[in-house]
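Descriptive structure summary
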There are 2 protein chains.
Amino acid sequence: MNDLILDIAGSGKVAHHLAKRFVDQGVRVRHIISRRPEELQFFASSIDATSIGYDEIPGDDLPLIIAVSDDAISSVGQSIPRERKVAHTSGTAALDQLSHENSGVFYPLQSFSDSREPTWDDIPLCIEANNIEWEQELIELAEYLSSNVQRIDSDQRKHLHVAAVVVNNFTNHLFHQAEQYLEDHDLTLDLLRPLIQETIAKTGEMSAFEAQTGPALRNDEKTLDSHLILLEEYPELKDIYALISNSIIKSYER
Amino acid sequence: MNDLILDIAGSGKVAHHLAKRFVDQGVRVRHIISRRPEELQFFASSIDATSIGYDEIPGDDLPLIIAVSDDAISSVGQSIPRERKVAHTSGTAALDQLSHENSGVFYPLQSFSDSREPTWDDIPLCIEANNIEWEQELIELAEYLSSNVQRIDSDQRKHLHVAAVVVNNFTNHLFHQAEQYLEDHDLTLDLLRPLIQETIAKTGEMSAFEAQTGPALRNDEKTLDSHLILLEEYPELKDIYALISNSIIKSYER
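Right, let's walk through the structure included here. Computed from a predicted structure; not experimentally measured.

1. Thoughts on the packing of aromatic side chains
Residues and elements named next belong to chain B.
- In the structure shown here, the tally under the stated rule is 10 aromatic pairs over all chains.
- Arranged with centres 5.5 Å apart and planes meeting at 40 degrees, the rings of F112 and W120 form a pair that is tilted.
- Exposure remark for F112: the relative accessible area of 8% places this residue in the buried category.
- Under the relative-accessibility criterion, W120 is labelled buried at 5%.

Laid out in structure tokens, this is it:
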């Protein structure tokens, strides 16, 4: 069956994690394709694939997942034989970055790390293609990796990416600011972990709007002012504190 | 043993959850004290306590936990017989809001809801007292509720509270903003839950500073600008996006 063999282009975290997961789930990864195939020899052999260069890609019709950086998608696409069915893995690049007869998107909505195994089974795999047959094939491939497969078009994917930056990168930056502030006062973020867990768990059960608590929600000016005074020497965190508190106050005035 | 019987003042979420947990852990709650004891009759009887008013508090030396709102601590304290050993449960009120010979703080660092059972065992219980014997007794009481008992003075507690607002209320507000934005585009926050879980899990393994990813970290102006354009009709989220992105950029320039 064609849909059980594929090639993967790329040498980064997404390419590695995808290749490993495909193999673990019984999909054969035939080639790992990269600019410097000799550097990927070790990884390719560990999953029983061969590592090849962009000039060696076979011109058959097997799927080829392009897991390279956003900037490289278009040029990598141009070096892939026209017969190949291709899909990139980007959260931001549009579908039309690829111009093959069968072009698609195969976007795992997760932040991958070298040091952590992804919990694949619930990772949303956002699928899009320029024709229904290739879309269906991508969906079937995605279902090998995760039980959370979604049809998401390029426009929706853009919106998802904005929201992902807000809940992932911005949340993480708040943690960083809090961590620094706490360490300066001989405290650690560990003390706040149960609270953080509860914050997350709550939004699974009710809307974040309903889950809100705290001084800004109560418009408790005394506490808000005292916090801004404590943050006098933390100008960035102070600005963030003021802006988000005001935004909370406005959200609940309506 | 004296330390296995106590009274609780208050009729809110903290008072309820504390009373239930004490009883579950084998500590007898003798009286629930409130302004309108008749309204608490049902709750008190469910944990085998009696519900009494502030004018009925016995003048013995049993511990009395004051789980009332910050503004009420001082006046409630004044209506409690001087012989009682007291502790309030506030994250913000200083120890000196109470002026009993044995005054303390018994602050569970968690956001409590009516609808959710707290996972008590890891909730930090932040203890402070105006003398070492009462502090020791409070620590022993706290150890009935949680294995995460901490000595935290009033000054540190203020700093903890600022950081708690940042990681809990502000994170929740980011979720709310993202949720609204997604819903306007026929998407749901559920798609981002695995990403949110990963964000949290990562900070348990590395500092939030190391865990950062995303367009602001890479100072990827093209993506940042395209996101700000997408947020044109979301002025509050746009301001938050710009401020936090700039703060991330600055943090990694250093």
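2. Observations regarding the environment of D153(A)
Residue and element names in this part refer to chain A.
- Here D153 lies in the loop between β8 (149-151) and α5 (154-184).
- Take D153: its relative accessible area is 36%, and that puts it in the partly exposed class.
- Measuring from C-alpha to C-alpha, the distance between D153 and L230 comes to 46 Å, with 77 residues separating the pair along the chain.
- Polar contacts involving the side chain of D153 include one to the main-chain amide nitrogen of Q156, which spans 2.8 Å.

3. What about the relation of the copies chain A and chain B?
- With an axial shift of 0.0 Å and an RMSD of 0.0 Å, the rotation relating chain A to chain B amounts to 180 degrees. Accordingly, the operation relating the two chain copies is best matched by a two-fold axis. Closest approach to the rotation axis within chain A is made by the C-alpha atom of T171(A), at a distance of 2.9 Å.
- A shared interface surface links the copies, since 99% of the contact residues of chain A are contact residues in chain B too.

4. Some remarks on the packing of helix α6 (residues 193-205) of chain A against helix α5 (residues 154-184) of chain B
- Taken N-terminus to C-terminus, the directions of α6(A) and α5(B) make an angle of 20 degrees; their axes are 9 Å apart at the nearest point. By the criterion of interaxial angle, the relationship of α6(A) to α5(B) is roughly parallel. The handedness of the crossing between α6(A) and α5(B) comes out as right-handed. From α6(A), L195(A), I196(A), T199(A), I200(A) and T203(A) reach across to α5(B), where they touch A164(B), V167(B), N168(B), T171(B), N172(B) and F175(B).
- Each residue belonging to the contact of α6(A) with α5(B) can be placed in one class, and the counts come to six nonpolar, five polar and no charged.

5. Some points on the interface of chain A and chain B
- In this complex, chain A contributes 83 residues to the contact, which on the side of chain B involves 83 residues.
- At the boundary of chain A with chain B, the tally comes to four salt bridges.
- Secondary structure elements with two or more residues in the side of chain A that touches chain B: α5, α6, α7 (208-211), α8 (221-230) and α9 (235-253) of chain A.
- Sort the elements by how many residues they give to the side of chain A that touches chain B and α5(A) lands first, with 25 residues.
- Its residues assigned to classes, the side of chain A that touches chain B comprises 39 nonpolar, 30 polar and 14 charged.

6. A closer look at α6(A)
- Here α6(A) contains 13 residues, and its C-alpha end-to-end distance of 19 Å stays within 8% of the 18 Å for a straight helix at 1.5 Å per residue.
- Listing the buried residues of α6(A) in full gives R193(A), P194(A), L195(A), I196(A), E198(A), T199(A), I200(A), K202(A) and T203(A).
- Buried residues belonging to α6(A) abut α5 and α7 of chain A together with α5 and α6 (193-205) of chain B.

7. A word on the sheet that holds strand β6 (residues 103-108) of chain A
Residue and element names in this part refer to chain A.
- One open sheet accounts for eight strands, arranged β3-β2-β1-β4-β5-β6-β7-β8; its pairing is mixed. Of all the strands in the sheet, the pair left with one neighbour each is β3 (50-52) and β8. Here the average twist between neighbouring strands, direction ignored, is 25 degrees.
- Pairing of strand β4 (residues 63-66) with strand β5 (residues 85-88), which is carried by four bridges, proceeds in the parallel orientation. Looking at the pairing, I66 lines up with H88 of β5.

What counts and what doesn't
Every chain begins its residue count from 1, and numbering advances along the sequence as written. Note on labels: chains are lettered from A, ligands numbered from 1, in written order. Totals for whole chains, interfaces and linings use all residues, but because this is a predicted model, local features are given only for residues with pLDDT of at least 70 and pairs of side-chain atoms are given and counted only at 80 or more. Derived side-chain values reflect all non-hydrogen atoms in the structure, with water molecules and hydrogen atoms excluded from consideration. Two aromatic rings from Phe, Tyr or Trp, using only the six-membered ring of Trp, form a pair when their centres are within 6.5 Å; if the ring planes differ by under 30 degrees the pair is stacked, by over 60 it is edge-to-face, and anything between is tilted. Each residue is assigned to one of three classes by its accessible area relative to the maximum for its type, calculated with a 1.4 Å probe on protein chains only: buried under 20%, partly exposed between the two thresholds, exposed over 50%. Numbering of helices and strands starts at the N terminus; helices are DSSP runs of H or I of at least 4 residues and strands are runs of E of at least 2. Polar contacts, as used here, are pairs of N or O atoms within 3.5 Å; protein pairs need one atom able to donate a hydrogen and one able to accept it. Residues neighboring in sequence count only if both atoms are side-chain atoms. When the copies are superposed, the least-squares fit draws on C-alpha atoms of residues that have pLDDT of at least 70 in both. Only heavy atoms matter for contacts: two residues are in contact if any of them lie within 4.5 Å across the pair. Axis lines are fitted through C-alpha atoms, for helices just across the contact stretch, and the angle between N-to-C directions can take any value from 0 to 180 degrees. With respect to orientation, any angle under 35 degrees is reported as roughly parallel, any angle over 145 as roughly antiparallel, any angle of 65 to 115 as roughly perpendicular, and every other angle as oblique. Crossing handedness is read from the near helix: turned anticlockwise from the far helix by less than a right angle, it gives a left-handed crossing, and turned clockwise, a right-handed one. Residues are sorted three ways: Asp, Glu, Lys and Arg are charged, Ala, Val, Leu, Ile, Met, Phe, Trp, Tyr, Cys and Pro are nonpolar, and all the rest, Gly among them, are polar. We count a salt bridge whenever a side-chain nitrogen from Lys or Arg sits within 4 Å of a carboxyl oxygen from Asp or Glu. Multiplying 1.5 Å by the helix residue count minus one yields the expected span of that helix. Note on pairing: DSSP must find at least two bridges between two strands before they are called paired.

Interpretation note: all reported values are geometric properties and have no functional meaning in isolation.
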